[in-house]
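Listed here are the chains, written in short residue letters.
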Amino acid sequence: RQFAIWQALQQYRGLDYNTANCDIQELRAPLEPFSRPGNPVTVIRQHARAIDSFNYDQFNYQYDNLNFHGHSIPQLEALLTARKDQDRVFANFMLHGIGTSADVNFDLCDAENRCNFAGTFAVLGGPTEMHWSFDRLFKYDVTSVFRQMHLRPDSDYHFEVHIQAVNGTELDARLIEAPSVSFVPGKRHAKKAKKGADEPRPTESEDVVRYEVSNLSLEQVSNLRNALYKLQNDHGDNGYEAIASFHGAPGLCPEGAGDGRIACCKHGMPAFPHWHRLLTVQMERALRDKGAVVGVPYWDWTRETNALPSLFTDPDNNPFKSYHISFNDQYTERDVQAELFNHPNEGDLESLFHQALEMLEETNYCDFEVQYEMLHNA
């Protein structure tokens with residue numbers, strides 16, 4: 001949905017929103033496994049390149065709205081424009097896979113080595129995931145910590161980076177190149193409001209509607225759970241485990257690689273949003289075939305929260321909470337940890353919201369994609 005919001009902003013700005021002119025070869029490459037002849041969903045197979053899947057109207061779904069934290073598209077653009085009026089400082093990272101998933105925390109230190117927490121982000125990876133590297137910078141706003149420490153971009157300072165793998169192991173900080181710093185002066189001049197379309201709303205059509213998860217009725221929740229239960233008991237070519245393996249285990253890519261295959265999901269490249277858009281449509285179509293009358297719901301996790309939505313956590317007869325994986329005879333269940341909602345070291349309880357605004361400010365697709373993917377990793 002954040003991708004769709006950015007596309008709506010671009011359309012409102014009068015800029016490209018259903019195409020891109022960067023990394024052209026990658027955006028025109030087939031996306032496995034969606035492009036394979038055995039994919040039973042024709043519309044996905046026919047649009048299994050990133051360049052062909054910008055326009056999500058062809059996949060027959062809509063969102064209940066494209067508001068972001070209560071802001072319509074015109075209001076959101078006004079908020080983003082106002083943010084650019086202020087001088088800002090960014091830490092810039094050139095990122096790549098490091099062979100494991102890890103949290104990256106970094107501190108800003110002055111000339112006397114007094115350090116303050118400056119930010120955190122996550123990198124994804126592992127032995128069964130594709131190697132990745134960005135070809136452009138990931139930007140992290142560090143304006144507030146510069147102000148707190150009374151530093152200027154030309155002051156004497158340095159960053160200290162700490163990398164912790166998902167198993168708790170401290171990794172060598174040199175795995176990631178130290179960030180550079182950029183100073184972006186504010187654009188303090190009056191701007192005329194742009195005339196744009198009103199907030200997009202679902203139209204009368206045969207499209208399925210994707211609702212915010214907390215707005216689902218009890219009947220819709222029951223319908224989705226019944227459809228997922230039926231799909232989990234379908235072990236065919238478009239059943240639950242077949243679709244799940246697109247993203248995880250057992251690895252399906254590259255085709256014909258035998259035991260050397262890894263997960264097909266794209267990371268660290270411009271096709272990341274489109275690959276995951278196709279995956280969601282594949283699952284949504286399968287759920288509709290099992291009787292779902294609403295689309296895959298969305299959850300705005302950039303809002304401050306202290307619990308996962310009940311759709312995923314209710315313990316009674318809930319296929320969204322647990323599942324028996326047949327191909328390796330394992331049982332999996334959601335085990336939500338308190339630490340998910342408690343990050344005292346981060347300081348800013350709205351950090352994800354602010355990162356999302358930085359992402360939505362971008363007007364070039366490939367710059368947007370880097371910020372989008374790093375927000376996803378969080």
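Read on for a plain summary of the structure.

A word on the packing of helix 1 (residues 2–13) against helix 4 (residues 73–83). In contact at an axis separation of 10 Å, helix 1 and helix 4 are set at 80° when each is read in the N-to-C sense. One way to sum up the angle between helix 1 and helix 4 is to call them roughly perpendicular. Touching Ile 5, Ala 8, Leu 9, Tyr 12 and Arg 13 of helix 1 are Ile 73, Pro 74, Leu 76, Glu 77 and Leu 80, all from helix 4. Residue composition of the contact of helix 1 with helix 4, grouped by class: eight nonpolar, no polar and two charged.

Most of strand 2 (residues 88–93) is tucked away, with six of its six residues classed as buried. Because side chains alternate across strand 2, one face comprises the buried residues Arg 88, Phe 90 and Asn 92, and the other comprises Val 89, Ala 91 and Phe 93, equally buried. Note: strand 2 against strand 8 (residues 180–184), five bridges, orientation antiparallel. Residue pairing for strand 8: Asn 92 is matched across the bridge by Ser 180. Sheet topology places strand 2 next to strand 5 (residues 138–141); four bridges connect them, and they run antiparallel.

Bringing the packing of aromatic side chains into the picture now. In this structure the tally under the stated criterion is 29 aromatic pairs. Each residue in the set Phe 93, Phe 106, Phe 121, Phe 138, Tyr 140, Phe 146, Tyr 157 and Phe 159 is aromatic and connected to the rest through ring pairs, giving one cluster. When the ring centre of Phe 90 is taken as reference, the NZ or CZ atom of Lys 139 above it lies at 5.6 Å. Positioned over the ring face of Tyr 61 is Arg 210, at 3.4 Å from the centre of the ring.

Moving on, we come to the nonpolar core. By size, the foremost hydrophobic cluster in this structure holds 68 residues, and its most contacted members are Ile 5, Phe 34, Phe 68, Leu 76, Trp 275, Leu 360 and Tyr 365. With eight residues, helix 8 (residues 272–289) is the single largest residue contributor to this core. With 28 residues, the next largest nonpolar core counts Trp 132, Leu 151, Tyr 157 and Ile 163 among its residues.

With respect to the helices and strands, the residue Gln 371 is situated in helix 11 (residues 365–377). On the basis of relative accessible area, Gln 371 is assigned to the buried category, the value being 4%. Each residue touching Gln 371, except ones within four places of it in the same chain, is listed here: Leu 137, Phe 138, Lys 139, Glu 358, Met 359 and Glu 362.

On to the pattern of salt bridges. Going through the model one piece at a time under the given rule, you end up with 18 salt bridges. Residues Glu 26 and Lys 266 are paired through a salt bridge, measuring 3.7 Å at the closest nitrogen-oxygen approach. Of this pair, Glu 26 sits in helix 2 (residues 24–27) while Lys 266 sits in the loop between helix 7 (240–247) and helix 8, placing them 240 residues apart in sequence. Each member of the pair, Glu 26 as well as Lys 266, is classed as buried. Between Glu 362 and Lys 139 there is a salt bridge; the shortest N-O distance is 2.9 Å. Of this pair, Glu 362 sits in the loop between helix 10 (351–361) and helix 11 while Lys 139 sits in strand 5, placing them 223 residues apart in sequence. According to the relative accessible area criterion, Lys 139 is partly exposed, its value standing at 29%. One continuous salt-bridge network, built from bridges that share partners, spans Arg 83, Arg 88 and Glu 361.

Summed over all chains, the structure comprises three disulfides. The disulfide that involves Cys 22 links it to Cys 366, with 1.9 Å between the sulfurs. When the S-S torsion is 95°, as for the bridge of Cys 22 with Cys 366, the disulfide is right-handed. Remark: Cys 366 occurs in helix 11 and Cys 22 occurs in the loop between helix 1 and helix 2; sequence separation between them is 344 residues. Here Cys 22 and Cys 366 have matching classes, each one buried. With its sulfur 2.0 Å from that of its partner, Cys 253 forms a disulfide with Cys 264. Its S-S torsion of approximately 95° makes the covalent link between Cys 253 and Cys 264 right-handed. With Cys 253 in the loop between helix 7 and helix 8 and Cys 264 in the loop between helix 7 and helix 8, this pair connects stretches of sequence that are eleven residues apart. Since its relative accessible area comes to 3%, Cys 253 is described here as buried. Here the disulfide map of the protein chain reads 1-6, 2-3, 4-5, the bonded cysteines being numbered as they appear in the sequence. For the unlinked cysteine Cys 265, the closest cysteine sulfur is that of Cys 264, found at 8.0 Å.

Ordered in space as 5-2-8, the three strands form an open sheet in which the pairing is antiparallel. The two strands at the open ends of the sheet, each matched to only one other strand, are strand 5 and strand 8. Sheet twist, expressed as the mean angle between neighbouring strand axes with direction ignored, is 35°.

About the criteria used
- Residues numbered from 1 in each chain as written.
- Predicted model: local features only at pLDDT ≥ 70, side-chain atom pairs only at ≥ 80, totals over all residues.
- Heavy atoms only, no water.
- Axes fitted to C-alpha atoms, helices over the stretch in contact; angles between N-to-C directions.
- Helix = DSSP H or I, 4+ residues; strand = E, 2+ residues; numbered from the N terminus.
- Parallel < 35°, antiparallel > 145°, perpendicular 65-115°, else oblique.
- Contact = heavy atoms within 4.5 Å.
- Nonpolar A, V, L, I, M, F, W, Y, C, P; charged D, E, K, R; others polar.
- Buried < 20%, exposed > 50% of the residue type's maximum accessible area, 1.4 Å probe, protein only.
- Pairing = 2+ DSSP bridges.
- Phe/Tyr/Trp six-rings, centres within 6.5 Å; stacked < 30°, edge-to-face > 60°.
- Lys NZ or Arg CZ within 6 Å of the ring centre and 35° of its normal.
- Core = buried A, V, L, I, M, F, W, Y, C linked by side-chain atoms within 4.5 Å.
- Salt bridge = Lys/Arg side-chain N within 4 Å of Asp/Glu carboxyl O.
- Disulfide = S-S within 2.5 Å.

So, to be careful, I would describe these as geometric facts and stop short of saying anything about function.
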